[in-house]
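Reading the structure
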Amino acid sequence: MTDHFYDELLNIQTSGNQQGFYDSLHYHRYEPTPYKGLDELFAKVSLSSSDRVVDFGCGKGRLNFYLHYRYQASVVGIEMNEEFYKEALLNKRSYLKKYHHRRAELSFHCCLAEEYEIDIRDTVFYFFNPFSIQIFMKVVGNILDSVGKAYRPVTIILYYSSEDYTDFLTRRTPFQLKEEIEIQGLSQRNSLERFLVYELKY
């Protein structure tokens, strides 16, 4: 299904990429994950009612609304750009006008990723190459500190990931690659158009 179809279905507006770039070496420009990719990812990755998904660099909230609608999953969006955060809140208002009966949590926070305090309910963490390896390392460190306080299964999902991200997870953390998921019609043209699913091994 097309991006336009899903935005219409969810009563939101998330299409389009950021014009220009952040004035930062550490935070990357906004671009939403294709709905086609999300369909293929979550055809293979299952969520349970106890999962709470955190999307770092959520932009206008596409992943959040998709998961809330499709799985009634609890989702948290973290966005440092105030304009995108405001658009995510507008989308939330519009989405809930249509789907107000859904009770799972749907929230957004305007803050730096490394400053978000990992909740012990957070179990799935999504990254669409949102920032530098330095920030990613801090965020993963926060995730591991949280697990040290409250043991639970944890999954990291990377989309369009840099080699720095994968090298760090493989060589310097207890996370292990569980699955690589290609997007039909996209991965063949660009090897970065894929999802990497990591699970925490104890």
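Residues numbered from 1 in each chain as written. Predicted model: local features only at pLDDT ≥ 70, side-chain atom pairs only at ≥ 80, totals over all residues. Heavy atoms only, no water.

1. Some details on the pairing of strand 3 (residues 106-110)
Across five bridges, strand 2 (residues 74-79) lies against strand 3 in parallel orientation. Looking across to strand 3, one finds that V76 is bridged to S107. One crossover worth recording links strand 2 to the parallel strand 3 by way of helix 4 (residues 82-98), and it is right-handed. (Pairing = 2+ DSSP bridges. Helix = DSSP H or I, 4+ residues; strand = E, 2+ residues; numbered from the N terminus. Right-handed = clockwise from strand over helix to strand, strands pointing away.)

2. Section: the sheet that holds strand 1 (residues 52-56)
Across the sheet, which stays open at both edges, the seven strands sit in the order 3-2-1-4-5-7-6 with mixed pairing between neighbours. The open sheet terminates on both sides in strands that have one partner only, identified here as strand 3 and strand 6 (175-182). Neighbouring strand axes in the sheet, compared pairwise and without regard to direction, differ in orientation by 20 degrees on average. Against the sheet, helix 4 makes contact with strand 2 and strand 3, and its axis sits at roughly 165 degrees relative to strand 3, the strand it touches most. (Axes fitted to C-alpha atoms, helices over the stretch in contact; angles between N-to-C directions. Contact = heavy atoms within 4.5 Å.)

3. Re the side chain of H68
Of note, H68 is situated in helix 3 (residues 62-71). Judged by relative accessible area, H68 falls into the buried class, the value being 0%. (Buried < 20%, exposed > 50% of the residue type's maximum accessible area, 1.4 Å probe, protein only.)

4. Points about the nonpolar core
Judged by nonpolar contacts, the single largest core of 32 residues is most densely connected at L41, F42, L67, Y126, I157 and F195. Put simply, the parts of the chain that give this core at least two residues each are helix 1 (3-10), helix 2 (35-42), helix 3, helix 4, strand 3, strand 4 (124-127), strand 5 (155-159) and strand 7 (194-200). The contact partners of L41, leaving out residues within four places of it in the chain, are Y126, I157, I181, F195 and V197. Judged by nonpolar contacts, the second largest core, of 28 residues, contains Y116, I143, F175 and L196. (Core = buried A, V, L, I, M, F, W, Y, C linked by side-chain atoms within 4.5 Å.)

5. Quick word on the layout of surface pockets
Considering only enclosed or pocket space, the largest pocket measures out at about 420 Å³ in volume. Around the largest pocket, the lining is made up of 30 residues, and of these R29, Y30, E31, G57 and F128 lie nearest the centre. Of all the secondary structure elements, the ones that give two or more residues to the lining of the largest pocket are strand 1, helix 3 and strand 2. Here the lining of the largest pocket is built from residues that sort into 19 nonpolar, five polar and six charged. In this structure, the second largest pocket spans a volume of roughly 250 Å³. (1 Å grid on protein atoms, 1.4 Å probe; cavity = no way out; pocket = protein on both sides within 12 Å on 5 of 7 lines; lining within 4 Å. Points joined across faces, edges and corners; volume = space filled by probe spheres on them. Nonpolar A, V, L, I, M, F, W, Y, C, P; charged D, E, K, R; others polar.)

6. Examining helix 1
For an α-helix, the turn length of 3.6 residues means that residues three or four places apart are oriented alike. Along helix 1, the residues classified as buried are Y6, D7 and L10. Relative to the axis of helix 1, the buried residues are bounded by an arc of 100 degrees and lie together on one face. Residues of helix 1 that are exposed and angled more than 90 degrees away from the buried face: H4 and E8. At its buried positions, helix 1 is contacted by helix 2, helix 3 and helix 4. Directly after helix 1, the chain includes N11, whose backbone phi takes a positive value near 65 degrees. (Arc of directions from axis to C-beta.)

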